[in-house]
Amino acid sequence: MITLTQSTPDDRLATLEARLARVEDELAIHRLLTSYGPLVDAGRAEEVADVWTEDGVYDVDGAYLDGRAQIIEMVQGSTHQGFINNGSAHINAPAHIEVDGDSAIAVCHSLLVLDRDGFKIERATAHHLQLVRVEGSWKVRRRTSRLLNGSQRARDLLAAGATGRPA
Amino acid sequence: MITLTQSTPDDRLATLEARLARVEDELAIHRLLTSYGPLVDAGRAEEVADVWTEDGVYDVDGAYLDGRAQIIEMVQGSTHQGFINNGSAHINAPAHIEVDGDSAIAVCHSLLVLDRDGFKIERATAHHLQLVRVEGSWKVRRRTSRLLNGSQRARDLLAAGATGRPA
Amino acid sequence: MITLTQSTPDDRLATLEARLARVEDELAIHRLLTSYGPLVDAGRAEEVADVWTEDGVYDVDGAYLDGRAQIIEMVQGSTHQGFINNGSAHINAPAHIEVDGDSAIAVCHSLLVLDRDGFKIERATAHHLQLVRVEGSWKVRRRTSRLLNGSQRARDLLAAGATGRPA
């Protein structure tokens, strides 16, 4: 944030361009992550899968989804369709995002709220995300998610994400 | 994000100015939308209405509020006052925002949490927002909100918002 | 956002640098605040305390924590350890942040969701935050938090934060 008085205009332009690109990356990842909840509750299976890379992984309690086809299958499956046909809100808390060049680490909590004769919290989950830039677009390479039921694994995911480390 | 080596300093300045203005717009909308929950739970009726344009619309289950006066009336009305006098938290999830010049589309979920002998989720809602820049400030022109009870309308709002389309 | 045509390249660079620094500050505060929930649910007491300044205050219902040592003690204490060993999600809604030079005001809601034979909302809370820049890093100087149970104090915190005023 310190501009040396002897910097040339070219140096200052190059510094600004690099800093602004870093800011744009963080906001692009924020836009990607905030699209997930709306898309999954809308049942838009292909757009949900497109949040991930082609070979993206969603590693969650009870399922290990490997690649977009399996993510599409999850959204179209009877469990998820039951949720959204009865009333479902995937509430994602704002993510903590740390960008490092063409990759990034993010972490957030989510609540799955279902309409079951009144809205109830079905799950509270910790999410650790590894993201990469692919052909100019940010995508999730791996989302690792564990129920916040006191397990050490869920707590490790939160700690790793909040300090910018891999899961 | 590619800077052609033959760009003049003037070109590079103009590009930076346009990109930074786009970033500032997204953050200004984020600040506007994150002010809503605190203001409405504080009961600040005029500041809540000021989130909208003069002719702004809040189209929600059971009410079609047309213009700031009707929004003020809702905040001052007995239902909302009952909520906030007993304990109320309008929790808005982080919005997905897509800016296009002087207008923007946003989408988010919210939870209305009320203190009813313990905190309970009264409503989980899908929100689609159309925003415009008015005299340099971003305002909501239309907020369309539907309960996430399995209705197709709520799901359509989420899908439209997450892909930057009108409601 | 208006660039006078007679501005020199040096003026335009200086304006861009100042505007970009303001954006970076807002995102840095957003990263700080989004680290809190994951860190506190992970039980990382020292990293939680490091969200505050050395002499930071956490003024919350039933406790007035004065300085990092007392914040560490709270995280390591039996109440908080009971929460995280059974399953705990400190869900923070996205903060409204207003930066003014080397200080800032933020406001947000939070939900404390605990696993008690199913996930239940234990508390819905209003938070007002005063932040300062210390040696180049943003820290919380004071977080004032009150249960959203209808009290005037909680509503005042929300109104003050949403309009960028001290608590």
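From a predicted model like this one, the values you see are computed outputs, not experimental measurements. (Residues numbered from 1 in each chain as written. Chains lettered and ligands numbered in written order. Predicted model: local features only at pLDDT ≥ 70, side-chain atom pairs only at ≥ 80, totals over all residues. Heavy atoms only, no water.)

Engineer: Residues and numbers for the relation of the copies chain C and chain B, please.
Structural biologist: Mapping between the two copies of the chain is achieved by a rotation about an axis and a shift along the axis. With an RMSD of 0.0 Å, the operation that places chain C on chain B is a rotation of 120° combined with a shift of 0.0 Å along the axis. This pairing of chains is accounted for by a three-fold axis. (Least-squares fit on C-alpha atoms with pLDDT ≥ 70 in both.)

Engineer: Residue-level account of the interface of chain A and chain B, with values.
Structural biologist: Across the boundary between the two partners, chain A contributes 40 residues, which contact 35 residues of chain B. At the boundary of chain A with chain B, total buried surface from both sides reaches about 3000 Å², with 65% on carbon and sulfur atoms. On inspection of chain A and its partner chain B, the count reaches 4 salt bridges. Counting only elements with at least two residues in the side of chain A that touches chain B, the list comes to α1 (9–42), α4 (78–86), β3 (88–92), β5 (103–115) and β6 (119–134) of chain A. Element by element, the count of residues in the side of chain A that touches chain B is highest for α1 of chain A, at 20 residues. Of the residues that constitute the side of chain A that touches chain B, the class distribution is 19 nonpolar, 11 polar and 10 charged. (Contact = heavy atoms within 4.5 Å. Buried area = accessible area lost by both parts, 1.4 Å probe. Salt bridge = Lys/Arg side-chain N within 4 Å of Asp/Glu carboxyl O. Helix = DSSP H or I, 4+ residues; strand = E, 2+ residues; numbered from the N terminus. Nonpolar A, V, L, I, M, F, W, Y, C, P; charged D, E, K, R; others polar.)

Engineer: Before we move on, could you go through the packing of aromatic side chains and cite the residues and values that matter?
Structural biologist: For the structure on display, the rule yields 6 aromatic pairs over all chains. Here Tyr 36 of chain C and Trp 52 of chain C contribute two aromatic rings whose centre-to-centre distance is 5.9 Å and whose plane-to-plane angle is 75°, an arrangement assigned as edge-to-face. Of this pair, Tyr 36 of chain C sits in helix α1 (residues 9–42) while Trp 52 of chain C sits in strand β1 (residues 52–60); the two residues are 16 residues apart in sequence, bridging distant segments of the chain. Ring centres of Trp 52 of chain C and Tyr 58 of chain C lie 5.4 Å apart, and the angle between their planes is 35°; this geometry places the pair in the tilted category. Under the relative-accessibility criterion, Trp 52 of chain C is labelled buried at 1%. Under the relative-accessibility criterion, Tyr 58 of chain C is labelled buried at 9%. An aromatic cluster is defined as three or more aromatic residues linked by ring pairs; in this entry it consists of Tyr 36, Trp 52 and Tyr 58 of chain A. The aromatic ring of Tyr 36 of chain B is capped on one face by Arg 143 of chain B, whose charged end is 4.4 Å from the ring centroid. (Phe/Tyr/Trp six-rings, centres within 6.5 Å; stacked < 30°, edge-to-face > 60°. Buried < 20%, exposed > 50% of the residue type's maximum accessible area, 1.4 Å probe, protein only. Lys NZ or Arg CZ within 6 Å of the ring centre and 35° of its normal.)

Engineer: Requested: an account of the packing of α1 of chain A against α1 of chain C, with residues and values cited.
Structural biologist: Contact geometry for α1 of chain A and α1 of chain C: axes closest at 10 Å, N-to-C directions at 30°. As judged from the angle between their axes, α1 of chain A and α1 of chain C are roughly parallel. In the packing of α1 of chain A onto α1 of chain C, the handedness of the crossing is left-handed. Packed against α1 of chain A, whose contacting residues are Pro 9, Arg 12, Leu 13, Leu 16, Arg 19, Leu 20, Arg 22, Val 23, Glu 26, Leu 27 and His 30 of chain A, the element α1 of chain C presents Asp 10, Leu 13, Ala 14, Leu 16, Glu 17, Leu 20, Ala 21, Val 23, Glu 24, Leu 27, His 30 and Arg 31 of chain C at the interface. Considered class by class, the residues forming the contact of α1 of chain A with α1 of chain C number 13 nonpolar, 2 polar and 8 charged. (Axes fitted to C-alpha atoms, helices over the stretch in contact; angles between N-to-C directions. Parallel < 35°, antiparallel > 145°, perpendicular 65-115°, else oblique. Left-handed = near helix turned anticlockwise from the far one by under 90°.)

Engineer: Can you lay out the environment of Asp 55 of chain B for me, pointing to particular residues and giving the numbers?
Structural biologist: Residue and element names in this part refer to chain B. Along the chain, Asp 55 turns up in strand β1 (residues 52–60). Look at Asp 55 and you get partly exposed, because its relative accessible area is 48%. Each C-alpha atom, one on Asp 55 and one on Arg 141, is 7.2 Å from the other, the two residues being 86 residues apart in sequence. Filtering out sequence-adjacent residues up to four positions away, Asp 55 remains in contact with Asp 66, Gly 67 and Arg 141. At 2.8 Å, the side chain of Asp 55 forms a polar contact with the side chain of Thr 53. (Polar contact = N/O pair within 3.5 Å; in protein donor to acceptor, adjacent residues only side chain to side chain.)

The values reported here are purely geometric and, on their own, carry no functional implication.
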